[in-house]
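Each chain, letter by letter, is given below.
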Amino acid sequence: MSFISVQFLIFFPAVVLVYFTIPHPYRWIWILVADYFFFMSWNPAYAVLLFLSTVTTWASGILIGRAAAHPDAEHPARKKLWLVFSLVFNLGILFVFKYLNFFSSLTAALFRIFGVETAAMHVNLLLPIGISFYTFQALGYTMDVYRGKIGPEKNFGRYALFVSFFPQLAAGPIERGGEMLPQFREVHFFDYKRAKRGFLVMLWGYFQKMVVADRLGKLVNAVYNNPQKHFGPDVIFATVAFAFQLYCDFSGYSDIALGAAEIMGFRLQRNFDAPYFSESIREFWRRWHITLGTWFRDYLYIPLGGNRCSKLRHCMNLLAVFLVCGLWHGAALSFVAWGALHGLYQIAGLLTRPARLRLQARMHIRQDSVWLRAARVGCTFLLINFAWIFFRARGISDAFVLIRNLFLFARWDGSLLNLGLSLPEFCAALLGIAAVIAVDVLNRDHDLPDRILERKPLSQWTVCTTALILIAIFGVYGPFDTSGKFIYSQF
């Protein structure tokens, strides 16, 4: 079931009502049942994969903890053995369901280059919802136990709750065991103010998704699903529209997840922090999909050597991390190209930084200059949008067609109203983008939900009622595959 469904609007209040009604010792059982019901509503068969991932990482954590506590010198090797088992088993499942067909096709193509004809193996498997998210979350727990950052969770049920917690199961945030597991032991009482805050956050998530993202999606689909027919401004506007569609879609999901968890008393990590105000690609990745970025930093980038090595090795580490990041997002060359671009952006920024600083010093430009910061934001946004072409295109060939057509202004028909939106919808989309930018600006200084809750009750209810009316009137409604599906749930 999607957050954007009638079923969820019935399911979530029922879960909350029962949660605060039953005694505390049984609440984790109720939430665990709700988690699996939520997951099985997509496809009951894939609950087996979720359960297998949970069992193997929980058992590995227990066995790693025992090996670490054992005085024998042989046990550190066993500790590593159980870590390797957890990694191989869970990444193996991820590989089979997400990457097997991709690598099979890639291998067959490489063989053909050398004159060897071989058929690519294709296994018709439906990608389980949220598999990349819960796999990374479970493996992060195993690695934290291995490193001694946290102790192994002995209660299997509570650990299963950590892996399958329904608000963030399908698309994150990717939580850490040290932050989340203790919360499942806390006693939560219903708090009206906390519930109001959670409801406000959820409303903003629904606004981003239904009013902004799904409306922009119509325009983006019109161009990116027919790349040969669109040129110049069409491609530019659709690419910028996709930047905000993806942001509002994913940030909207995260806000609904954060708000739903907060109503029940749980604290999830913030996943976005006004990313399009970033002054560099490096800063962008500190603000965009924060929990994935920190996961790659802690469990891949730093183990590879991070920046505590030669400059060449540092550059190779950056490129390797972003190639994996691209592949994490999708089993296609276009995603690999998107990840490679972001890696190359970071390498270019690293290598040119001394020259840029010398040039600014010679030109007597201060680092805190408003014009310099605005130029940095503009350049960063431009680079991000160019990379989004590869992310959104249906394949690598479509991406190159769009890049070529981007510069063919002479073939443009002179109108932006041929992109699937009427004039009123077009204006609504622009106003929606303006609202998102305004909220990001306001959130930078002070958390907007907290600011609203500081007002009088009448003001609070006015904001909530206005948001509900806007969503009801301007929200996009339609089939699940066009308006209800969250983009990142496919990853």
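Here is a short report on the structure shown in this document. None of the values given here were measured: they were computed from a predicted structure.

Let us look at the overall build of the chain. Of regular secondary structure, the chain possesses 19 helices and zero strands. On the principal axes, the C-alpha backbone points of the chain span a range of 70 × 70 × 55 Å. Counting the 491 residues in the chain, one finds 51% classified as buried. Put simply, 75% of the contacts in the chain that link residues at least 6 apart link residues at least 24 apart. Approximately 23,300 Å² of the chain is accessible, and the part contributed by carbon and sulfur atoms is 68%. Counting 46 positive and 29 negative side-chain charges, the chain places the centres of these two groups 5 Å from one another.

With that out of the way, let us pick up unusual backbone geometry. At A274, a residue that is not glycine, the phi angle is positive and equals roughly 45 degrees. One can find A274 in the loop between α9 (233-264) and α10 (281-287). The buried category is assigned to A274, whose relative accessible area is 3%. A positive phi angle, close to 55 degrees, is found at H364, a residue other than glycine.

Moving on to helix α3 (residues 47-69). Each full turn of the α-helix corresponds to 3.6 residues, which orients residues three or four apart in the same direction. A rise of 1.5 Å per residue sets the reference length of α3, with its 23 residues, at 33 Å; its end C-alpha atoms lie 33 Å apart and thus fit the reference within 8%. Restricting attention to buried positions, one finds in α3 the residues A47, L49, L50, S53, T54, T56, T57, S60, G61, I62, I64 and A67.

This paragraph deals with the packing of helix α8 (residues 192-224) against helix α18 (residues 457-474). Between α8 and α18, the shortest axis-to-axis distance is 10 Å and the interhelical angle comes to 25 degrees. Here α8 lies roughly parallel to α18, going by the angle between them. Regarding α8 and α18, the two cross each other, and that crossing is left-handed. Every residue of α18 that contacts α8 at Y192, K196, F199, L200, L203, Y206, F207, M210, V211 and R215 is listed here: Q460, W461, V463, C464, A467, L468, L470, I471 and F474. Taken together, the residues that form the contact of α8 with α18 break down as 16 nonpolar, one polar and two charged.

A separate point is the packing of aromatic side chains. On inspection of all chains with the given rule, the structure shows 66 aromatic pairs. Ring geometry for F8 versus F38: centroids 6.4 Å apart, planes at 70 degrees, classification edge-to-face. Highlighted residues: F8 in helix α1 (residues 6-21) and F38 in helix α2 (residues 27-40), separated in sequence by 30 residues. Of the two residues, F8 and F38, neither departs from the other in class, the shared state being buried. Ring geometry for F20 and F190: centres 5.5 Å apart, planes at 85 degrees, overall edge-to-face. Note that F20 is positioned in helix α1 and F190 in the loop between α7 (177-180) and α8, a separation of 170 residues in sequence. Accessibility expressed as a relative area gives 18% for F20, which makes it buried.

Residues L110, F111, I113, F114 and V116 make up a contiguous nonpolar surface patch of about 550 Å² in total accessible area. Counting through the fold element by element, F114 comes out in the loop between α4 (75-113) and α5 (131-147). Judged by relative accessible area, F114 falls into the exposed class, the value being 69%.

Moving on, we get to the environment of Q168. Residue placement: Q168 occurs in the loop between α6 (156-164) and α7. The exposure class assigned to Q168 is buried, which follows from its relative accessible area of 2%. For the pair Q168 and D447, spaced 279 residues apart in sequence, the C-alpha separation works out to 21 Å. For Q168, the contacting residues outside a window of four places in its chain are Q137, F162, P173, E175, Y253, A257 and L268.

A cluster of like positive charges, contributed by R282, R286, R353 and R356, occupies part of the molecular surface. Relative to the assigned elements, R356 resides in helix α13 (residues 333-362).

Where helix α14 (residues 370-392) contacts helix α15 (residues 396-406), the axes come no closer than 8 Å and their chain directions differ by 140 degrees. Regarding the angle of α14 to α15, the classification is oblique. Packed against α14, whose contacting residues are F386, I389 and F390, the element α15 presents I396, A399, F400, L402 and I403 at the interface.

Moving on, we come to α13. The end-to-end C-alpha separation of α13 is 42 Å, in line with the 44 Å expected for 30 residues at 1.5 Å each. Maximum bend of α13: about 50 degrees, positioned at T352, with proline P354 one to four residues after it. Restricting attention to buried positions, one finds in α13 the residues S334, F335, W338, G339, A340, L341, H342, G343, Y345, Q346, I347 and Q360. For α13, the elements touching its buried residues are α10, α12 (311-329), α14 and α15. Among the residues trailing α13, H364 stands out with phi positive, at a value near 55 degrees.

On inspection of all chains with the given rule, the structure shows 17 salt bridges. Its salt-bridge partner being R197, residue D450 comes within 2.8 Å of it at the nearest N-O pair. You can see D450 sitting in helix α17 (residues 448-453) and its partner R197 sitting in helix α8, a full 253 residues away along the chain. Overall, R197 belongs to the buried group, its relative accessible area being 17%. Where R373 meets E279, a salt bridge forms, and the shortest distance between an N and an O atom there is 2.7 Å. Taken together, the positions of R373 in helix α14 and E279 in the loop between α9 and α10 put the pair 94 residues apart, joining distant regions of the chain. Each of R197, E262, D447 and D450 takes part in salt bridges that share partners, so that together they form one network.

With that settled, consider the nonpolar core. Core analysis: the largest hydrophobic core is formed by 138 residues, its most contacted members being F8, F165, M264, W288, W388 and Y488. Ranked by residue count, the leading element in this core is α9, at 18 residues. Those residues within four positions of W388 in sequence are excluded, and the remaining contacts are F242, A243, L246, Y276, F284, W288 and W338.

About the thresholds
- Each chain carries its own residue numbering, running from 1 in the written order of its sequence.
- Where totals are concerned, whole chains, interfaces and linings use all residues; where local detail is concerned, this predicted model gives features only for residues with pLDDT of at least 70, and gives and counts side-chain atom pairs only at 80 or more.
- Each side-chain value is derived from all of the structure's non-hydrogen atoms; neither hydrogens nor water enter the calculation.
- We count a stretch as a helix when DSSP gives it H or I for four or more residues in a row; a strand needs E for two or more, and each element gets its number in order from the N terminus.
- Think of it in three bands: with a 1.4 Å probe and only protein chains considered, a residue is buried below 20% of the maximum accessible area for its type, exposed above 50%, and partly exposed in between.
- Contacts are assigned to residue pairs that have any heavy atoms within 4.5 Å of one another.
- Here the accessible surface of atoms and residues is derived via Shrake-Rupley with a 1.4 Å probe, and residues count as covered only by protein chains that are part of the display.
- Only four residue types enter the charge count, namely Lys and Arg as positive and Asp and Glu as negative; His and the chain termini do not.
- To locate a charge, take atom NZ for lysine, CZ for arginine, CG for aspartate or CD for glutamate.
- To estimate the expected span of a helix, subtract one from its residue number and multiply by 1.5 Å.
- The angle between two axes is taken between their N-to-C directions and runs from 0 to 180 degrees, where each axis is a line fitted to C-alpha atoms and a helix contributes only its stretch in contact.
- Should an angle lie under 35 degrees it is considered roughly parallel, over 145 roughly antiparallel, and from 65 to 115 roughly perpendicular; all remaining angles are considered oblique.
- Handedness of a crossing follows from how the near helix is turned relative to the far one, being left-handed for an anticlockwise turn of less than a right angle and right-handed for a clockwise one.
- Throughout this entry, Asp, Glu, Lys and Arg are counted as charged residues, while Ala, Val, Leu, Ile, Met, Phe, Trp, Tyr, Cys and Pro are counted as nonpolar. The remaining residues, Gly among them, count as polar.
- Aromatic pairs are defined between Phe, Tyr and Trp rings, using the six-membered ring for Trp, whenever the two ring centres lie within 6.5 Å; interplanar angles under 30 degrees are classed as stacked, those over 60 as edge-to-face, and all others as tilted.
- Nonpolar side chains (Val, Leu, Ile, Met, Phe, Trp, Tyr) within 5 Å and like charges within 9 Å form the patches, drawn only from residues with over 30% relative accessible area and no salt bridge.
- For this analysis, a salt bridge means a side-chain nitrogen from Lys or Arg found within 4 Å of a carboxyl oxygen belonging to Asp or Glu.
- Note that the bend at a residue is defined as the angle between axes fitted to the seven residues ending at it and the seven residues starting at it.
- The definition of a nonpolar core used throughout is a set of buried Ala, Val, Leu, Ile, Met, Phe, Trp, Tyr and Cys residues joined through side-chain atoms within 4.5 Å.

These results come straight from atomic positions and should not be treated as a statement about function.
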